[in-house]
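# Reading the structure
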Amino acid sequence: MSLSSSRAMAGTEAVTLESLRKKMADFARERDWEQFHSPRNLLLAMVGEVGELSEIFQWKGEVAKGLPDWGEDEKQHLGEELSDVLLYLVRLSDMCGVDLGKAALRKLDLNAAKYPVHLCKGSSGKHTDNPSDANENPKSGGGATEGL
Ligand SMILES: Nc1ccn([C@H]2C[C@H](O)[C@@H](COP(=O)(O)OP(=O)(O)OP(=O)(O)O)O2)c(=O)n1
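Residues numbered from 1 in each chain as written. Predicted model: local features only at pLDDT ≥ 70, side-chain atom pairs only at ≥ 80, totals over all residues. Heavy atoms only, no water.

You'll find the protein chain entered in an unreviewed UniProt entry as dCTP pyrophosphatase 1, with Zingiber officinale given as the organism. Its UniProt record gives the protein chain the following Subcellular location (unreviewed entry) comment, quoted word for word: "Cytoplasm, Cytosol". Its UniProt record, at the heading Function (unreviewed entry), says of the protein chain: "Hydrolyzes deoxynucleoside triphosphates (dNTPs) to the corresponding nucleoside monophosphates. Has a strong preference for dCTP and its analogs including 5-iodo-dCTP and 5-methyl-dCTP for which it may even have a higher efficiency. May protect DNA or RNA against the incorporation of these genotoxic nucleotide analogs through their catabolism." (UniProt positions renumbered as here; feature names shortened; annotations may be inferred.)

Take a look at the structure:
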C-alpha cells in the first residue's frame, strides 16, 4: 500500500482545496454527472445546502462558540452540512475556472488593505466608515475608530 493511500485510510491525509477539487471531479466523472455540474446548477445546489446549514441554527437563538451544549449527533450533522457547502463551492470554482485557493489568498490581502489594523482594531464597521474612505462615503458619520 502506498504511503498516501495508507494515510488516507488512517484519516491523516492533508486536506487541501486541491485534493477536494480532485475528489469532486472524480466523484462527478465516475457517475457521469459532469453533465449536471454546470455553474448555475452548482450555485443553486450550494445555496440549497446553505439553507440546510441555516436550518440547524434556526430558532436556537445565539449559541456559544465551540457549541459546548450540542450533542455529538448534532455536531456531526453540522459537519455534513458545512461540508456540502464547501464541496459545492470547490466544484463551482473549478467549473468556473477559478483557482479558489489563489483567489482566497488574494482576497485576504485585499481585505487587509481595506481594513488596516490601526483603523479597525476592535471595531466592526464597514470599510466605508474609515476616515481614509471619506471621499467614497462623504456623508458617513463616525469612523472605524469610533468607540475606541
Ligand atoms: N448532483 C449531485 C448531487 C450530490 N452531490 C454531492 C455534493 C454534496 O456534498 C452532496 C449533496 O447530496 P444531496 O443532494 O443528497 O444532499 P444531502 O447530502 O444534504 O442530503 P439531504 O438533502 O437528503 O439532506 O452530494 C453532487 O456532487 N452532485
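Now that the structure is up, let's keep going.
Let us look at the packing of aromatic side chains. Across all of its chains, the model carries two aromatic pairs by this definition. Pairing Phe 27 with Trp 33 gives two aromatic rings, centres 5.7 Å apart and planes at 80°, and the pair type is edge-to-face. For Phe 27, a relative accessible area of 31% gives the class partly exposed. Judged by its relative accessible area of 36%, Trp 33 falls in the partly exposed class. Between Phe 57 and Trp 70 the ring centres are 5.3 Å apart and the planes differ by 50°, which places this aromatic pair in the tilted class. Taken together, the residues span a long stretch of sequence, with Phe 57 in helix α3 (residues 39-57) and Trp 70 in the loop between α3 and α4 (72-95) at a distance of 13 residues. Given the relative accessible area of 10%, Trp 70 is considered buried. Cation over ring: Lys 60 sits above Trp 70, and NZ or CZ is 4.9 Å from the ring centre. (Phe/Tyr/Trp six-rings, centres within 6.5 Å; stacked < 30°, edge-to-face > 60°. Buried < 20%, exposed > 50% of the residue type's maximum accessible area, 1.4 Å probe, protein only. Helix = DSSP H or I, 4+ residues; strand = E, 2+ residues; numbered from the N terminus. Lys NZ or Arg CZ within 6 Å of the ring centre and 35° of its normal.)

With that settled, the discussion passes to helix α2 (residues 17-30). The end-to-end C-alpha separation of α2 is 20 Å, in line with the 20 Å expected for 14 residues at 1.5 Å each. In this structure, the buried side of α2 is in contact with α4. Asp 32 sits one or two residues past α2 and shows a positive phi near 55°. (Expected span 1.5 Å × (residues − 1). Contact = heavy atoms within 4.5 Å.)

What follows is about unusual backbone geometry. Positioned with a positive phi, Asp 32 is a non-glycine residue whose angle comes to about 55°. Positionally, Asp 32 belongs in the loop between α2 and α3. On the basis of relative accessible area, Asp 32 is assigned to the partly exposed category, the value being 49%. A positive phi angle, close to 50°, is found at Leu 67, a residue other than glycine. With respect to the helices and strands, Leu 67 occurs in the loop between α3 and α4. The class for Leu 67 is buried, based on a relative accessible area of 14%.

In this section: the site of the ligand. Neighbouring the ligand are the residues Met 24, Phe 27, Trp 33, His 37, Glu 49, Glu 52, Glu 81, Asp 84, Leu 87 and Tyr 88. Measuring from an oxygen atom of the ligand, one finds a side-chain N or O atom of Glu 52 at 3.0 Å. Side-chain polar atom of Asp 84 to an oxygen atom of the ligand: 2.6 Å apart, as the coordinates give it. Relative to its free-state accessible area of 580 Å², the ligand is covered by the protein chains to the extent of 54%. Of all the secondary-structure elements, those providing two or more residues to the shell around the ligand are α2, α3 and α4. Ranked by residue count, the leading element in the shell around the ligand is α4, at four residues. Its residues assigned to classes, the shell around the ligand shows five nonpolar, one polar and four charged. (Near = heavy atom within 4 Å. Polar contact = N/O pair within 3.5 Å; in protein donor to acceptor, adjacent residues only side chain to side chain. Areas by Shrake-Rupley, 256 points an atom, 1.4 Å probe, with all protein chains shown as cover. Nonpolar A, V, L, I, M, F, W, Y, C, P; charged D, E, K, R; others polar.)

Moving on, we get to the pattern of salt bridges. One pass over the structure, following the stated rule, counts seven salt bridges. A salt bridge links Glu 18 to Arg 21, with the nearest nitrogen and oxygen atoms 2.9 Å apart. Placement of the pair is Glu 18 and Arg 21 together in helix α2, with a separation of three residues, close to one helical turn. Given a relative accessible area of 36%, Glu 18 falls into the partly exposed group. A relative accessible area of 27% places Arg 21 in the partly exposed class. Residue Glu 30 is joined to Arg 31 by a salt bridge in which the shortest nitrogen-to-oxygen separation is 3.6 Å. (Salt bridge = Lys/Arg side-chain N within 4 Å of Asp/Glu carboxyl O.)

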